[in-house]
Amino acid sequence: MNFVVTQHLLEGARFVESPNQSERSADSTIELLVIHNISLPPGEFGSPAIEELFCNQLDCSAHPYYEALENLQVSAHLLIDRSANITQFVPFNCKAWHAGQSQFQGRENCNEFSIGIELEGTDDTAFTDAQYGALIEVTLALMNTYPALTVDRIVGHSDIAPDRKTDPGPCFDWSRYRAGLADRTSQEARRAQNQ
C-alpha cells in the first residue's frame, strides 16, 4: 500500500471537495502534520455525517449533538475511516480548516503551514490496525512530497491547542505510529541501496 501525491492530491483516495478551504499565503511552506480524531455522532462509526459536516451538508436536526454544529465550517485534508478508506477533502496546497486557534513552536494559525488528518475514532477507543497502516503510508508519501515535513513535526491536535482539544487522545499509540514510520523508512532505504 504505497501512496503517491500528484498535484497535491493523494492517489487512491476518494476526492470530495470541501468548500471549507482557503489559499495558503505565497510564502507558506507545508511543515507540520496534525493528527485528529472525529466521530459523528460521538462514539458512532460508519455514518456519512463526517463527510456531510466537512461539506456543509450536515442535517443538524438529525441528532441532538449536531445542534452545536450548526453553521460550523470545518474540514481536514484527509479522513481515514475505521477500515482505512481514505477521503481527501482539500488539496494539500490549500488550507483546510482543521486546527482552529493554534500554535506550534511560537507560530500561530497552524492551518497556514500544516496538513490535517482525521482518524475516525474517539479519545477512548483504540484505532484499528488498518488505520495505523494507512496513516503510516500516507505520512511517508507526504514527507516524500513536502520535504519540510519531518517526523519531529508531527503532532496531535492537543499539542497545538492544549486548552481546547484532547485529540487524537490517549488511545492513539504514538509509539506504534513512530516505530512504523521508522521501520518503513529503513525498508525503503535498504531497497534503494539494493537497486
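Before any of the text, the structure's been laid out above.
Residues numbered from 1 in each chain as written. Predicted model: local features only at pLDDT ≥ 70, side-chain atom pairs only at ≥ 80, totals over all residues. Heavy atoms only, no water.

(A) Main features of the side chain of histidine 98. The topology assignment puts histidine 98 in the loop between β8 (94-96) and β9 (103-104). Polar side-chain contacts of histidine 98 include one of 2.9 Å to the side chain of histidine 36. If we ignore the near neighbours within four places in the chain, the residues touching histidine 98 are Val34, His36, Ser75, Ala76, His77, Asn111, Ser114, Ile115, Gly116 and His157. (Helix = DSSP H or I, 4+ residues; strand = E, 2+ residues; numbered from the N terminus. Polar contact = N/O pair within 3.5 Å; in protein donor to acceptor, adjacent residues only side chain to side chain. Contact = heavy atoms within 4.5 Å.)

(B) Seen up close, the environment of valine 155. Within the secondary structure layout, valine 155 lies in strand β12 (residues 154-156). Expressed as a C-alpha distance, the spacing of valine 155 and phenylalanine 104, which sit 51 residues apart in the sequence, is 9.1 Å. Beyond its immediate sequence surroundings of up to four residues, valine 155 is in contact with Leu32, Leu33, Val34, Ile35, Phe104, Ile160 and Trp174.

(C) Region of interest: the nonpolar core. Leu10, Ile117 and Leu142 are the most contacted members of the largest nonpolar core, which has 31 residues in total. Elements supplying a minimum of two residues to this core: β5 (32-38), β6 (78-80), β11 (114-120), α2 (129-145) and α4 (174-193). Leu58, Cys60, Tyr66 and Phe89 belong to the second largest nonpolar core, which has 18 residues in total. (Core = buried A, V, L, I, M, F, W, Y, C linked by side-chain atoms within 4.5 Å. Buried < 20%, exposed > 50% of the residue type's maximum accessible area, 1.4 Å probe, protein only.)

(D) How the structure looks around α4. When the terminal C-alpha atoms of α4 are compared, their 29 Å separation across 20 residues agrees well with the 28 Å that a helix rising 1.5 Å per residue should span. Every buried residue of α4 is accounted for by Tyr177, Gly180, Leu181 and Arg184. The arc that holds the buried residues of α4, viewed along the axis, is 100 degrees, so those residues lie on one side. Away from its buried face by more than 90 degrees, α4 exposes Ser175 and Gln193. Of the surrounding elements, those touching the buried residues of α4 are β5, α2 and β12. (Expected span 1.5 Å × (residues − 1). Arc of directions from axis to C-beta.)

(E) Seen up close, the pattern of salt bridges. Throughout the structure, instances matching the rule amount to six salt bridges. With a shortest N-O distance of 3.1 Å, glutamate 31 and arginine 107 are connected by a salt bridge. Residue glutamate 31 is located in the loop between β4 (21-23) and β5, and its partner arginine 107 is located in strand β10 (residues 107-108); the two are separated by 76 residues in the primary sequence. Under the relative-accessibility criterion, glutamate 31 is labelled buried at 17%. (Salt bridge = Lys/Arg side-chain N within 4 Å of Asp/Glu carboxyl O.)

(F) Region of interest: the pairing of β5. The buried fraction of β5 is high, at seven of seven residues. Neither face of β5 is exposed, since Leu32, Val34, His36 and Ile38 on one face and Leu33, Ile35 and Asn37 on the opposite face are all buried. Bridging between β5 and β12 involves three bridges; their strand directions are parallel. By the bridge assignment, leucine 33 is partnered in β12 with isoleucine 154. (Pairing = 2+ DSSP bridges.)

(G) A look at unusual backbone geometry. Between leucine 40 and proline 41 the backbone carries a cis peptide bond, its omega angle lying at -15 degrees. In this fold, proline 41 is placed in the loop between β5 and α1 (49-54). Here the residue pair aspartate 167 and proline 168 is connected by a cis peptide bond, since its omega of 10 degrees sits within 30 degrees of zero. Relative to the helices and strands, proline 168 is located in the loop between α3 (157-160) and α4. Positive phi outside glycine occurs at asparagine 109, with the angle close to 55 degrees. With respect to the element layout, asparagine 109 can be found in the loop between β10 and β11.

(H) Structural context of the state of the cysteines. Within the structure shown, the criterion is met by zero disulfides. For cysteine 55, which is in no disulfide, the shortest distance to another cysteine sulfur is to cysteine 60 and amounts to 14 Å. (Disulfide = S-S within 2.5 Å.)

(I) Highlighting the packing of aromatic side chains. By the definition in use, this model includes seven aromatic pairs. With a centroid separation of 6.2 Å and an interplanar angle of 75 degrees, the aromatic rings of phenylalanine 92 and tyrosine 146 are classed as edge-to-face. Here tyrosine 146 lies in the loop between α2 and β12 and phenylalanine 92 lies in the loop between β7 (86-88) and β8, a separation of 54 residues in the sequence. Ring centres of phenylalanine 172 and tryptophan 174 lie 4.8 Å apart, and the angle between their planes is 80 degrees; this geometry places the pair in the edge-to-face category. Its relative accessible area of 4% is what places phenylalanine 172 among the buried residues. Tryptophan 174 gets classed as partly exposed once you look at its relative accessible area, which sits at 23%. The structure contains a cluster of three or more aromatic residues connected by ring pairs, namely Phe127, Tyr132, Phe172, Trp174 and Tyr177. The ring of phenylalanine 45 has arginine 82 sitting right over it, with the charged end atom 4.4 Å from the ring centre. Arginine 107 extends its terminal NZ or CZ atom over the ring of phenylalanine 113, reaching a point 3.8 Å from the ring centre. (Phe/Tyr/Trp six-rings, centres within 6.5 Å; stacked < 30°, edge-to-face > 60°. Lys NZ or Arg CZ within 6 Å of the ring centre and 35° of its normal.)

Spatial relationships are all this shows, so hold off on functional conclusions.
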